[in-house]
Amino acid sequence: MGGVLHVYKKLEFKITKEIEPRFGKLLVFKKRLKLMIKYQIEKELSIGEFTEVLINSTLGERRPVSEPDRIAKMLEHGNLIITARHNEKLVGVARSLTDFLYCTYLSDLAIDEKYQKQGIGKELIRQTKLASPKAKLILLSAPKAVHYYPKIGLKQWEQCYVLDHVEDLK
Ligand SMILES: CC(C)(COP(=O)(O)OP(=O)(O)OC[C@H]1O[C@@H](n2cnc3c(N)ncnc32)[C@H](O)[C@@H]1OP(=O)(O)O)[C@@H](O)C(=O)NCCC(=O)NCCS
């Protein structure tokens, strides 16, 4: 595992029930607790853990999770992999390819569904950018995340093109 980049604290709730002494009424309290998420660059992320978080986030629907050889190459050649762990459990990942100075392509951003909407995705993007501050961070949004990126401050780039098959070249 790589060095710890940052420890991020986010609040979660513990629900307790107590009888109100004067009225004998049952009251429900929501107490805020601190959830510690550890962010770090990891050079040796395992195929199993990466695959699991892709599936647990739903991004697995759009990634080759049933092809471990491709997943292995994605991990081998992704040169900036930042993880989010809760009690060592992998709950989020940002896998990028970067030259660290000109461009960073953030290929896979995936947060376990149980941990979504708690700021982990945004923090992983922040850590990715901090690791390559001069490089432009570029990504293609999955359909489910098209409203997410503008919301957290990314600019839509209309002049973006992709080539899926070489036969498509005219
Ligand atoms: C999309 C995803 C990466 C967002 O990460 P996250 O940790 O859940 O989101 P954050 O906590 O950083 O969200 C920040 C804000 O955006 C909102 N948000 C989160 N997901 C959103 C979505 N899909 N659409 C619109 N807004 C969204 C949050 O509610 C939060 O708003 P708030 O600050 O008003 O509370 C994550 O939900 C995920 O892994 N989704 C499934 C896989 C996927 O689509 N990945 C993207 C591949 S390109």
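Residues numbered from 1 in each chain as written. Predicted model: local features only at pLDDT ≥ 70, side-chain atom pairs only at ≥ 80, totals over all residues.

Caption draft 1: Here's a closer look at the overall build of the chain. Secondary structure assignment for the chain yields four helices and six strands. Of the regular secondary structure in the chain, the N- to C-terminal order runs β-β-α-α-β-β-β-α-β-α. When each of the 170 residues of the chain is scored for burial, the buried share is 24%. Of the contacts formed within the chain by residues at least 6 apart in sequence, a portion of 59% connects residues at least 24 apart. (Helix = DSSP H or I, 4+ residues; strand = E, 2+ residues; numbered from the N terminus. Buried ≥ 20, exposed ≤ 12 C-beta atoms within 10 Å, placed from the backbone. Contact = placed C-beta atoms within 7 Å.)

Caption draft 2: Quick peek at unusual backbone geometry. For Glu88, which is not glycine, the phi torsion reads 70° and is therefore positive. Among the structural elements, Glu88 can be located in the loop between strand 3 (80-86) and strand 4 (89-98). Classification of Glu88 as exposed rests on a count of 8 C-beta atoms within 10 Å. In this structure, Lys117 takes a positive phi of about 60° despite not being glycine. Within the element layout of this structure, Lys117 appears in the loop between strand 5 (103-111) and helix 3 (120-131).

Caption draft 3: Fine view of the nonpolar core. Ranked by size, the top nonpolar core spans 23 residues in total, and within it Val93, Ala94, Ile120 and Leu124 carry the most contacts. Listing elements by their share of this core, those giving two or more residues are strand 2 (25-41), helix 1 (47-57), strand 3, strand 4, strand 5 and helix 3. (Core = buried A, V, L, I, M, F, W, Y, C linked by C-beta atoms within 7 Å.)

Caption draft 4: Seen up close, the site of the ligand. Neighbouring the ligand are 21 residues; Gln116, Gly121, Lys122, Ala142 and Tyr148 lie closest to it. At the level of secondary structure, the elements contributing two or more residues to the shell around the ligand comprise strand 5, helix 3 and helix 4 (148-151). Of the residues assigned to the shell around the ligand, the class counts are nine nonpolar, eight polar and four charged. (Near = placed C-beta within 6 Å. Nonpolar A, V, L, I, M, F, W, Y, C, P; charged D, E, K, R; others polar.)

Caption draft 5: How the structure looks around helix 3. Here helix 3 contains twelve residues, and its C-alpha end-to-end distance of 16 Å stays within 8% of the 16 Å for a straight helix at 1.5 Å per residue. The complete set of buried residues in helix 3 reads Ile120, Gly121, Glu123, Leu124, Ile125, Gln127 and Thr128. (Expected span 1.5 Å × (residues − 1).)

Caption draft 6: Summary view of the pairing of strand 3. Burial of strand 3 is extensive: five of the seven residues sit out of reach of the surface. The antiparallel hairpin formed by strand 3 and strand 4 contains two residues in its connecting segment, where Asn87 sits at a positive phi of about 50°. (Pairing = 2+ DSSP bridges.)

Caption draft 7: Structural detail: the packing of helix 1 against helix 2 (residues 68-77). In the contact formed by helix 1 and helix 2, the axes pass within 10 Å of each other and the chain directions differ by 100°. Taken together, helix 1 and helix 2 sit at an angle that is classed as roughly perpendicular. Across from Ile47, Phe50 and Thr51 in helix 1, the residues of helix 2 making contact are Pro68, Ile71, Ala72 and Leu75. Per-class residue counts for the contact of helix 1 with helix 2 are six nonpolar, one polar and no charged. (Axes fitted to C-alpha atoms, helices over the stretch in contact; angles between N-to-C directions. Parallel < 35°, antiparallel > 145°, perpendicular 65-115°, else oblique.)

Caption draft 8: Helix 1, seen in detail. Among all positions in helix 1, only Phe50, Val53, Leu54 and Ser57 are buried. Looking straight down helix 1, one finds its buried side chains confined to an arc of 105°; they lie on one side. Against the buried residues of helix 1 lie helix 2, strand 4 and strand 5. In the segment just after helix 1, Thr58 is the residue with positive phi, at about 85°. (Arc of directions from axis to C-beta.)

Caption draft 9: Representation of the environment of Arg63 in the model. The topology assignment puts Arg63 in the loop between helix 1 and helix 2. In sequence terms Arg63 and Thr51 are twelve residues apart; their C-alpha atoms lie 9.0 Å from each other.

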